[in-house]
Each structure stands twice: as C-alpha cells, then as structure tokens.
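# Understanding the architecture of this molecule
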Amino acid sequence: MTEPLPAAASESLDAAPRPRLAPDVVALLMGREQARHHSELTRTREQILALSSSSAEALLSALDDELAAVATAAIGAMSVLRRDPTDPLTPSAVEELSGSTGEYLTRVADLNRSLLAIHLALEAQVRTNSS
C-alpha cells in the first residue's frame, strides 16, 4: 500500500497544472500494473518456498544485502532527478527523466518484492518454530 504524500509534496502537486490523461491510457497502465503484480505474487511465493530451508542468519544477511541494494537504487533515481533548474523541462526532457527513473524504480520494486519474500520466509520460520 502506498503511503500518502507529505503535505508539502501534496500541495506542490496540487498547485501544478495537470495534463488531462486519456482514460484509455490510464486503463492500459493499470492493466499493465495488475499483470505485473500478479507475476510478482507468483515469484514471491516461489522465492518463499525456495528460502524455506535457509537459516535465520542467512535470511537476515540477505535482508541486509537487499536493503543496501534498495538504498543504492534509490540514490541512483534521486541523482537522475537532480537536474539544473535553469534547464528547460521540455517534453523530451520529461520523457528522458521518466525513462531513467523508471529503470531505477523497476529495480527497487523487484528488490522490495525480494525483501518481502525474505521477510515472509523468516516469519514463516518463526511461526513454525512457535507452533
């Protein structure tokens, strides 16, 4: 679930003029996201099953590694967004920024899915051991 934006970020988004999005574009994007989420759930389940025989120490180490990778990818995405404010924000510049950040966000999403699977495998071990 996505957390709400901080008030300042929300206000700045509200103040900016919004282009009117075509409903078919939104439907296409939402359909793509729904398919991606279904695929991610399947991969998460497979990863949990694969991790089920790992020790708690190995799972905690994997969590640490994946969190470090998330931080690195987030810093990469932020560096793409840091641009000279005097440069005009042309449609091609927006497209380039969107594509560049999209690559990082795809990586972060994959890492987050992996983190969730590791955490769920660890939680499964805890619940199994406490039963």
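This is a predicted model, so every value here is computed, not measured.

Parameters at a glance
- Residues numbered from 1 in each chain as written.
- Predicted model: local features only at pLDDT ≥ 70, side-chain atom pairs only at ≥ 80, totals over all residues.
- Heavy atoms only, no water.
- Helix = DSSP H or I, 4+ residues; strand = E, 2+ residues; numbered from the N terminus.
- Buried < 20%, exposed > 50% of the residue type's maximum accessible area, 1.4 Å probe, protein only.
- Salt bridge = Lys/Arg side-chain N within 4 Å of Asp/Glu carboxyl O.

## Some words on the environment of Ala 50
In this structure, Ala 50 sits in helix α2 (residues 23-51). Using a relative accessible area of 57% as the deciding quantity, one classes Ala 50 as exposed. Through-space distance from the C-alpha of Ala 50 to that of Ile 118 is 9.9 Å; in sequence the pair is 68 residues apart.

## Here's the deal with the pattern of salt bridges
Applying the stated criterion across every chain, the model contains 5 salt bridges. Of the charged contacts in the structure, one is a salt bridge between Arg 127 and Glu 123, with a shortest N-O distance of 2.9 Å. Taken together, the residues span about one helical turn, with Arg 127 and Glu 123 both in helix α4 (residues 91-130) at a distance of 4 residues. Taking the relative accessible area as the measure of exposure, Arg 127 reaches 54% and is therefore exposed. Judged by relative accessible area, Glu 123 falls into the partly exposed class, the value being 27%. Several salt bridges share partner residues, and in doing so they unite Glu 33, Arg 36 and Glu 40 into one network.

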